[in-house]
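Each chain, written out:
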Amino acid sequence: MHIGRRSFLLGAGAALAWAGAPAPARTAPAAAALVETGRIVERHLVAAERPVRVPRDGGPTVQTWTFDDDPLPVIRLQRGDRLRVRVENRLAQLLSIHWHGIRVPNAMDGVPYLTQDPVPPGGSFAYDFVPPDTGTFFFHTHCNTIEQLGRGLVGVVIVEGDEAEPHDADLVCVLRDWRIDPATGAFTGFTSQAAAARAGTFGAVRTANDRVEPVMEVPAGGNVRLRILNVDPTRIAELGLEGAPAAVIAVDGNGLPPVLLESWRLGPAMRIDLSLRAPGPGEEAVLYDYFSAEPVPLLRLRGAGAARARGPFQPQPLIASDFAVPEIEKAETFRLTFQATAVASDLVLPDGQVLRFADSLCLSSATHWAINRKTWPEAGHQQLPPALFQLEKGRSYVIELVNASQFQHPIHLHGVTFQVLDPRQGAPGQRADTVLLGPRDRTRIAFVADNPGDWMLHCHIIEHQETGMMGWFRVA
Ligand code: C2O
Ligand code: CU
């Protein structure tokens, strides 16, 4: 069955109609300050090779690398709880854990050589912090990430406490591709020079929660929160839901005024939380990726149990965490230009400015990408280049992100969540930790530099990151 974008849009219209009479205006609940609960959530993770069937329900056995016997560990805690994770390294290579999107103290950020020594084989490391914000986050290795993430080393962190009205179900949907031969389960390779210089290496087996197009039961007619994480190193998805009205209520874990979902472009490392009205008993709603010519079904939500009697679909805003609001008028601006090292053409910005890239770059076989004409391939992690910029603690900054290439780049900053100043995907002023730049695109982000330390900044298409598109900045 081919369901095109057109029928999808009609579906979205139907959803609006289904919402019925206009709902009374809702104001977002006031932002909440962090109060420590005194509770400690402890986990012991053991990074090791484990045979896992991929897809989970009946696929071939794959020699994955995972953090736990559960290949996709999900850690849930309440805002204010302390998270204590001891990771043991039973792999034959260096390892570290980065808590993506969580504003951790710098020493807990998990970047080898920049914030900690990597964990050697046989070694362990204790991460210990109180996540300051609610939301949907994930953790992954920050060493040899192309291979380690590609083999499976990832997990989910959910910090609860942001719902004014609870949903009837709260589900997690982790999207990733497996770079395996679907017949034998053998890995097919995580990168090539040609792919790294372009969009990256894609996996042949696309999964949601490590299953192919799984069916998840949801309370029929109920309100469901669906937390979608794109943890793939490469794939950019254009997500839409058919058969149920849905709204985006959080971006990268951060609540925003609900935006009715038409479709949402989710690059590597990006997350959205949906609030949706589950289909009736036995009926299905389908999550699609519309990015390819033929939409790809990723997940089915099937209504189960007796239909709940709910009023019109009226997604509620989440309780946002309090965070310092940047003072844009006083902010200093830095510009970061993301570019291919091999390309040396000038870029004319929309305002007429011309950026010159005619200077030759230092090219090496392992370098395809650069930030402000500087490259830092991960292989050279130990040789720290100078910081891209230095920020004064407590001050507001605007960073202008310019993509001078023909490829898309999801740009991620460690240590801060920023406000996206230019409206993206129908959601103005969203708060995020990763922003997707389209080809020849430009956007501005702003934040208060309130978290001291040395923080990474990179493209989250891991092959781009590891072939030069990364750098770091200092807040002091
Ligand atoms: Cu998820 Cu340095 O990133
Ligand atoms: Cu990139």
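No experiment lies behind these values; they were computed from the predicted model shown.

J.: Just checking my understanding: could you explain the overall build of the protein for this structure?
T.: For the protein, the count of helices and strands is 4 helices and 32 strands. Split into buried and exposed, the 476 residues of the protein put 58% on the buried side. Entry remark: accessible area of the protein is about 18,300 Å², with carbon and sulfur atoms responsible for 53%.

J.: Where do I start with the side chain of T234 in this structure?
T.: The residue T234 is located in the loop between strand 12 (223-230) and strand 13 (237-242) in this model. In terms of polar contacts, T234 uses its side chain to reach the side chain of R179, at 3.2 Å. What T234 contacts, discounting residues up to four positions off in sequence, is R179, A199, G200, T201, F202, P268, I461 and E463.

J.: It is not clear to me how the sheet that holds strand 31 (residues 453-459) should be interpreted in this structure. Could you clarify?
T.: Note on sheets: strands pair through backbone hydrogen bonds, and any given pair is parallel or antiparallel. Here 5 strands make up an open sheet; going across it, the order is 24-32-31-26-29 and the pairing mixed. For this open sheet the edge positions go to strand 24 (389-391) and strand 29 (434-437), each flanked by a neighbour on one side alone. Here the strands of the sheet are splayed against their neighbours by 20 degrees on average, with no regard to which way each runs. Across 3 bridges, the pairing between strand 26 (residues 409-413) and strand 31 is antiparallel. Following the sheet pairing, L413 is matched in strand 31 by L457.

J.: Explain the coordination of the copper ion (ligand 2) here, please?
T.: Octahedral six-donor coordination of a metal ideally yields angles of 90 or 180 degrees, compared with 109.5 degrees for tetrahedral four-donor coordination. Here the copper ion (ligand 2) is held by H409 (ND1), C459 (SG) and H464 (ND1), and the distances to it run 2.0 to 2.1 Å. On the primary sequence, the residues serving as donors to the copper ion (ligand 2) are separated as H-x49-C-x4-H. One end of the pair, H409, is in strand 26; the other, H464, is in helix 4 (residues 462-466), with 55 residues separating them in the sequence. When sorted by exposure, H409 lands in the same class as H464, which is buried.

Scoring rules and cut-offs
- Residues numbered from 1 in each chain as written.
- Chains lettered and ligands numbered in written order.
- Predicted model: local features only at pLDDT ≥ 70, side-chain atom pairs only at ≥ 80, totals over all residues.
- Heavy atoms only, no water.
- Helix = DSSP H or I, 4+ residues; strand = E, 2+ residues; numbered from the N terminus.
- Buried < 20%, exposed > 50% of the residue type's maximum accessible area, 1.4 Å probe, protein only.
- Areas by Shrake-Rupley, 256 points an atom, 1.4 Å probe, with all protein chains shown as cover.
- Polar contact = N/O pair within 3.5 Å; in protein donor to acceptor, adjacent residues only side chain to side chain.
- Contact = heavy atoms within 4.5 Å.
- Pairing = 2+ DSSP bridges.
- Axes fitted to C-alpha atoms, helices over the stretch in contact; angles between N-to-C directions.
- Donors = N, O, S within 2.8 Å, 3.2 Å for Na, K, Ca; no water.

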